[in-house]
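Each chain is listed here by its residues.
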Protein chains: 4
Amino acid sequence: MNEINNLRREINKIDKELIDFLIKRKTFSDRIISAKKSQAISVYDKKRELEIITSLKNEFIGKINPALIEGVLREILFYSKSEYYKLNNYYSNDLNGLLDKSPILIAGPCTIESEEQLSGIAAHLFNNGIRLLRGGAFKPRTSPFSFQGLEEEGLKIMKSVAEKNNMFAVTEFLDSRQLETYYDYADVLQIGSRNMFSYGFLKQVGKKTAVDKKPVLLKRGFNATLNEFLLSAQYIINEGNPNVILCLRGIRTFEQIDSQMRNTPDLASILELKELTDLKIIFDPSHACGDAKFVVPTAVAALGLGADGLIIETHTNPQDAVTDGKQSIEPAELERVIDYINRNY
Amino acid sequence: MNEINNLRREINKIDKELIDFLIKRKTFSDRIISAKKSQAISVYDKKRELEIITSLKNEFIGKINPALIEGVLREILFYSKSEYYKLNNYYSNDLNGLLDKSPILIAGPCTIESEEQLSGIAAHLFNNGIRLLRGGAFKPRTSPFSFQGLEEEGLKIMKSVAEKNNMFAVTEFLDSRQLETYYDYADVLQIGSRNMFSYGFLKQVGKKTAVDKKPVLLKRGFNATLNEFLLSAQYIINEGNPNVILCLRGIRTFEQIDSQMRNTPDLASILELKELTDLKIIFDPSHACGDAKFVVPTAVAALGLGADGLIIETHTNPQDAVTDGKQSIEPAELERVIDYINRNY
Amino acid sequence: MNEINNLRREINKIDKELIDFLIKRKTFSDRIISAKKSQAISVYDKKRELEIITSLKNEFIGKINPALIEGVLREILFYSKSEYYKLNNYYSNDLNGLLDKSPILIAGPCTIESEEQLSGIAAHLFNNGIRLLRGGAFKPRTSPFSFQGLEEEGLKIMKSVAEKNNMFAVTEFLDSRQLETYYDYADVLQIGSRNMFSYGFLKQVGKKTAVDKKPVLLKRGFNATLNEFLLSAQYIINEGNPNVILCLRGIRTFEQIDSQMRNTPDLASILELKELTDLKIIFDPSHACGDAKFVVPTAVAALGLGADGLIIETHTNPQDAVTDGKQSIEPAELERVIDYINRNY
Amino acid sequence: MNEINNLRREINKIDKELIDFLIKRKTFSDRIISAKKSQAISVYDKKRELEIITSLKNEFIGKINPALIEGVLREILFYSKSEYYKLNNYYSNDLNGLLDKSPILIAGPCTIESEEQLSGIAAHLFNNGIRLLRGGAFKPRTSPFSFQGLEEEGLKIMKSVAEKNNMFAVTEFLDSRQLETYYDYADVLQIGSRNMFSYGFLKQVGKKTAVDKKPVLLKRGFNATLNEFLLSAQYIINEGNPNVILCLRGIRTFEQIDSQMRNTPDLASILELKELTDLKIIFDPSHACGDAKFVVPTAVAALGLGADGLIIETHTNPQDAVTDGKQSIEPAELERVIDYINRNY
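Sequence order as written defines the numbering, with residues in each chain counted from 1. Lettering of chains starts at A and numbering of ligands starts at 1, both following the order in which they are written. It should be noted that, the model being predicted, local features are given only for residues of pLDDT at least 70 and side-chain atom pairs only at 80 or more, the latter also being counted only at that level, while totals for whole chains, interfaces and linings use all residues. As a rule here, side-chain values come from all non-hydrogen atoms in the structure, and water together with hydrogens is ignored.

J.: What exactly am I supposed to notice about the relation of the copies chain D and chain A here?
T.: Copies of the same chain, two in number, are related to each other by a rotation about an axis and a translation along it. Take chain D, turn it by 180 degrees, move it 0.0 Å along the axis, and it overlays chain A with an RMSD of 0.1 Å. Classification of the inter-copy transformation places it as that of a two-fold axis. When C-alpha positions in chain D are compared against the rotation axis, the closest is assigned to D:Ile257, at 2.1 Å. Of the interface residues in chain D, 100% have counterparts in chain A that sit at the interface too, so the contact is made through matching surfaces. The copies are overlaid by a least-squares fit using only the C-alpha atoms of residues whose pLDDT is at least 70 in both copies. By definition in these notes, contact holds between two residues if any of their heavy atoms fall within 4.5 Å.

J.: How should I be thinking about the relation of the copies chain B and chain C in this particular structure?
T.: Take chain B, turn it by 180 degrees, move it 0.0 Å along the axis, and it overlays chain C with an RMSD of 0.1 Å. Of all interface residues in chain B, 100% are interface residues in chain C too; the two copies therefore contact each other through one and the same surface.

J.: Would you mind going over the interface of chain D and chain A with me for this structure?
T.: A common way to state how big an interface is: give the accessible area lost once the parts meet. Of the residues lining the interface, 51 residues belong to chain D; the matching set on chain A comes to 51 residues. Put simply, buried area is the surface a 1.4 Å probe can reach on two separate parts but cannot reach once they are joined, added for both. Summed over both sides, the interface between chain D and chain A buries roughly 5200 Å², with carbon and sulfur atoms accounting for 76% of that surface. What counts as a salt bridge is simple: a side-chain nitrogen of Lys or Arg found within 4 Å of a carboxyl oxygen of Asp or Glu. Our count for the chain D to chain A interface comes out at 2 salt bridges. Ionic pairing is found between D:Asp15 and A:Arg25, a salt bridge with its closest N-O pair at 2.7 Å. In the analysis that follows, any N or O atom pair within 3.5 Å is treated as a polar contact, provided that within protein one partner can donate a hydrogen and the other can accept it, and provided that, for residues neighboring in sequence, both atoms belong to side chains. Applying the counting criterion to the chain D and chain A interface returns 2 residue pairs in polar contact (both at pLDDT 80 or more). Secondary structure elements are defined from DSSP: runs of H or I of at least 4 residues count as helices, runs of E of at least 2 residues count as strands, and each element is numbered from the N terminus. Counting only elements with at least two residues in the side of chain D that touches chain A, the list comes to α1 (2-38), α2 (46-59) and α3 (66-80) of chain D. Top element by residues in the side of chain D that touches chain A is α1(D). It accounts for 25 residues. Residue composition of the side of chain D that touches chain A, by class: 27 nonpolar, 7 polar and 17 charged. Three classes are used, and their members are as follows: Ala, Val, Leu, Ile, Met, Phe, Trp, Tyr, Cys and Pro are nonpolar, Asp, Glu, Lys and Arg are charged, and the others, Gly among them, are polar.

J.: What should I look at first to understand the side chain of B:Lys139 in this one?
T.: Residues and elements named next belong to chain B. Residue placement: Lys 139 occurs in the loop between β2 (132-134) and α5 (152-164). Despite being buried, Lys 139 has no salt bridge partner; Glu 172 is the closest side chain of opposite charge, sitting 5.1 Å away. When sequence neighbours within four positions are dropped, the list of residues in contact with Lys 139 reads Cys 110, Thr 111, Arg 134, Phe 147, Gln 148, Gly 149 and Leu 174. Exposed residues in this analysis have more than 50% of their type's maximum accessible area, buried residues have under 20%, and partly exposed residues fall in between, with area computed by a 1.4 Å probe over protein chains only. His is not counted, nor are the chain ends, whereas Lys and Arg count as positive and Asp and Glu as negative.

J.: I tried to follow the packing of helix α4 (residues 115-127) of chain A against helix α5 (residues 152-164) of chain A on my own but got confused; where do I start?
T.: Residues and elements named next belong to chain A. In this analysis, axes come from line fits to C-alpha atoms, helices being fitted only over the stretch in contact, and the angle between any two N-to-C directions falls in the range 0 to 180 degrees. In the contact formed by α4 and α5, the axes pass within 10 Å of each other and the chain directions differ by 30 degrees. What the angle tells us is that α4 and α5 run roughly parallel. You can see that α4 and α5 cross each other, and the crossing is right-handed. Listed contacts from α5 to Glu 115, Leu 118, Ser 119 and Ala 122 of α4 are Ile 157, Met 158, Ser 160, Val 161 and Lys 164. Considering only residue class, the contact of α4 with α5 consists of 5 nonpolar, 2 polar and 2 charged. For classification purposes, angles smaller than 35 degrees are called roughly parallel, those larger than 145 roughly antiparallel, those between 65 and 115 roughly perpendicular, and all remaining angles oblique. Note on convention: the crossing is left-handed when the near helix lies turned anticlockwise from the far helix by less than a right angle, right-handed when the turn is clockwise.

J.: Even after reading the chapter, I still don't get the sheet that holds strand β1 (residues 104-108) of chain D, so can you show me in this structure?
T.: Within a sheet, adjacent strands bond to each other through the backbone by hydrogen bonds, running parallel or antiparallel. Residues and elements named next belong to chain D. The strand order around the closed barrel formed by 8 strands is β1-β2-β3-β4-β5-β6-β7-β8, and the pairing between neighbours is parallel. Averaged over all pairs of adjacent strands, the angle between their axes in this sheet comes to 25 degrees, without regard to strand direction. Strands qualify as paired when DSSP identifies two bridges or more between them. Looking at chain direction, β1 and strand β2 (residues 132-134) are connected through 2 bridges and run parallel. Each bridged residue has a counterpart across the sheet, and for Ala 107 the counterpart in β2 is Leu 133.

J.: What should I look at first to understand the pairing of strand β8 (residues 309-313) of chain D in this one?
T.: Regular strands have side chains that alternate between both faces of the sheet. Residues and elements named next belong to chain D. Buried residues dominate β8, accounting for 5 of its 5 residues. The alternating pattern of β8 places Gly 309, Ile 311 and Glu 313 and Leu 310 and Ile 312 on opposite faces, both of which are buried. Taken together, the 5 bridges between β1 and β8 define a ladder with parallel strand orientation. Bridging from a neighbouring strand, Leu 105 pairs with Leu 310 of β8.

The following block contains the structure:
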């Protein structure tokens, strides 16, 4: 054991020197970040990172396992930029400051079905103090044979109902072409879970909204890590629109093999995301659970965990809803959530 | 379209007759369940189910896709027994009714390290009204080279500290042999996530505890569906001990590829499990999150979602803990949970 | 037991009558499918399916668990249309019948880096009998700060190199706008894994390619079930282009928590997909494995399991590749695959 | 950019010094490993690793993000011991060297049903040159109400049939108690997927088999990473029995939400595992696929990927099998695998 102890003492010394170097390195990389920021150069530079790693691996070939070099460098590089998502987002006053309120409340039907349907729901919501009206005109359906939404007609209904009720329209676009054609119908632009990885589309969203800073509600891909989610937000932000709201909506796991829930609600991701970003984080209990009976307690739990808001599918007549009826709650149920908010905020 | 509409009308008629048959079938299967219960025959009979399916598939060979027969029958058979988990569990008075309280609170260190360590923690817990002391003597570690627990010595410390502090010992056994040898050291027997599928062991646990009805705390396998979890509980109950407490503790998903959390906290499973069973359901925020900073809000959320209790890793000195220090909270943190309970229960 | 046996006999009778009804129902639904096909109406009609389920649930309220009705009906409806994906696809002669060959071989670098780079690789490939050249001008990178491809310049290089070498260009577009602007640069249009759920984009791809039936290589979403994958292909086919090639490329599972592989190669999905569709199925061992050392045996295994082809990242100088160098193989490695093909096809 | 370039040069220098330290550190840690091996001390020492990390984190508190220290150290520590699984296993001659053959072939029914059933199958297998007969007497069934196996009676049948046919018995034990009571019935001890994490049981298996070095067939937990799988094998090896055979059998992923396969076959894990260990690796296509129609091509693919053998569920009459009939192949199918082997080995 004596020999081992001696060797260990050597290693202890090396480890300390190693960390002294890490500290020194951090002071330099912090200075680079400051320099970049002042020159408006993007902080992440994957190419440069790859160069660092590759050239070190080449230089030390045969002397040390290159995977160790890569592993250690990746750790260092990750922490050299880890403060980065902490950007302060802001919201324009277009929406009367509704997105600065806490909690942000968005409700409405999954699908815009008719003027009557949407008007009825909107009236209920307005009476409950809700001013952000959701409703889909283009529906991303798994099957192309399923009903795909009322499309332009739906958007017109949405715009008209929102205006009559002094509310704002939150609605989803599915691709760059729709974005161009129908942009003005949306007060808040929703990007769905299935498009979170569509980087080409996200860039177009960023470019288009950079002009008027229209808020973008970006839903988490149901298979995206939180890091990937944040980088997708960054795609939009990088084009010049910092008004991105993150929306958690459940993830796909093995639980769906045999569960009543449509997804695994990612409630605890609120806690983790809060550490990683200053962007607003809202929760969608309707898609997360996929069943109306679970929506209210899940919504309340999300707020308890620190969510900045909720987006909830509401229908005056869920059993007749064209889509997602099973997960839409009635206005009376929504009032339970509002009660909770009134008592706690 | 006329032809299609005519055909559809035919199908509508067939569908209604079909459902009339389902209703009729259910009255018979309900009567079988009653008959079985009165004769103490087990309700599930997979062999009989298989027979039904196989014989129908054989009889109708070439006439209809056998997978359709199987699919439909499996649906019917599932719902014919779906009330089944709603058994009323009960708890012996041995633990002074602590398991009938709401919420059930269990706390203590991951690992029993020494008499001093455990005594110090126990005193704190007792002062906070906690009477159920957890602590591991046998640790299921991923690597066989990791510290495996103090084993028998640990159990002796646990027993002595629990008795001195007028508390009860909640501790884990890892296999049938330990169960035999050390049974009396545990007031509540913990079965870990990694053993939830160890049906041989579960049967032994059931047999052994059937005599004195000692409560068993069964943790969800980190890859188990809720249905599998309930069936594992049933393995114990079937041997004669209804005193099973279910413990959710996070699941493994793609999130662990890139997350600070050790597992994906299965908070919403509380809601779903509540629908499926009357067994008590507690939540373990320490393993679910794997990081002390997330434990308190997750614990509170679990209670809000209807959990019947909590099991929390607590340590007076987490940074010195032999195992799981990162996820252990200090007594001051635990008091925040207790405050929440005092205000809400 | 006698009573139970009697009840069981009753149930047996009911079950047989039930299946007689299923058979009868199938004859009607088959006739509807024929009628629809002859009238060029789409076979899937989710709205009608939902109506059937909802109206039956409403009609039998209080008499039977509605979830049972839904479960049984969904099974029946699934099997009533399950032959559906078996459409015969065909390929235009534009590509000299290259897509009718077995196996289809596509190779080239991940990213088009320069004319020199691509020319060098193309020459090697051509010498090995490969005529389909892959290469990305728009790269879907997780981080917006990463290199995003040479864009239009890359496409020009691709077109020129392909023509000079008498090869065809397989390249990816990321959104509807690129599709419009750069359509003619691609001989085969690649839709990436991250866009498999982008239904808006898929429809545009279908519409655009319907005119000239340009082949579309659709990659499986790394979190998509096979059913979802097929329905995404259907989105394109429905717009009028049957020339869709399916490409498996690995899925995301818990294995990525702690694995050298970038994905879990979905090799066995070849077998299952072959049962569900007549579309061509090719395999991408480069993305599935994410490491050059695993590419050749995985490619060979895919062919052994019945894949109709391969798409492989090849680079003359992988260590200098701008992207995906780790998973790109050198021409010499590729020759091992070609050797295997020469000996076995 | 000039300032940035200067800073980068500084960082480049630091990085090189850092790696010089890593090389130096490795020489010391290699010497410790040698010293430990010569003194028969276990190489892994998680406690020591934790001490290193914790003490460095404490020493540098406030100076650097402790997570960076931990991350870098974990990389270094991982690579300092990464050669470790490369232990040479060996097999006793008790089984006539059958486990040294390539490929190892194990076949037989899922469940031992009767002497007639097993004899019939065994005769077929023997005629095809198979000498390792599998068959379960204790069945780990998800539901406690399902048939649990013939237990001791089954073992007696197995022993008698194996002896009469000059074959060896491969059979599963579920817990420590069965292991004690029935040890002599098994020639190769099978540990199932559901027990791979049952460390208490694994230790008992290791202790018991250490005496006679009876081979242990350890199946991968359907949710276990490869690293966890290897460490479970190590649990057995550490007790003194190096004769562990690893068996891949499919993993649980989101695919099971909507797939004909019972698991996602982990075919490519063969490649990765081959890099990590010298233990024999066999593949179980029956459980991986869960459907007889996929078994033969999957078995052949596994061998192509380098598996050292196969374990296949075979039944002379699959439709009458008590369990797993759907995934059992008939002898004629098995002959197709044997044909492949005869042509290729």
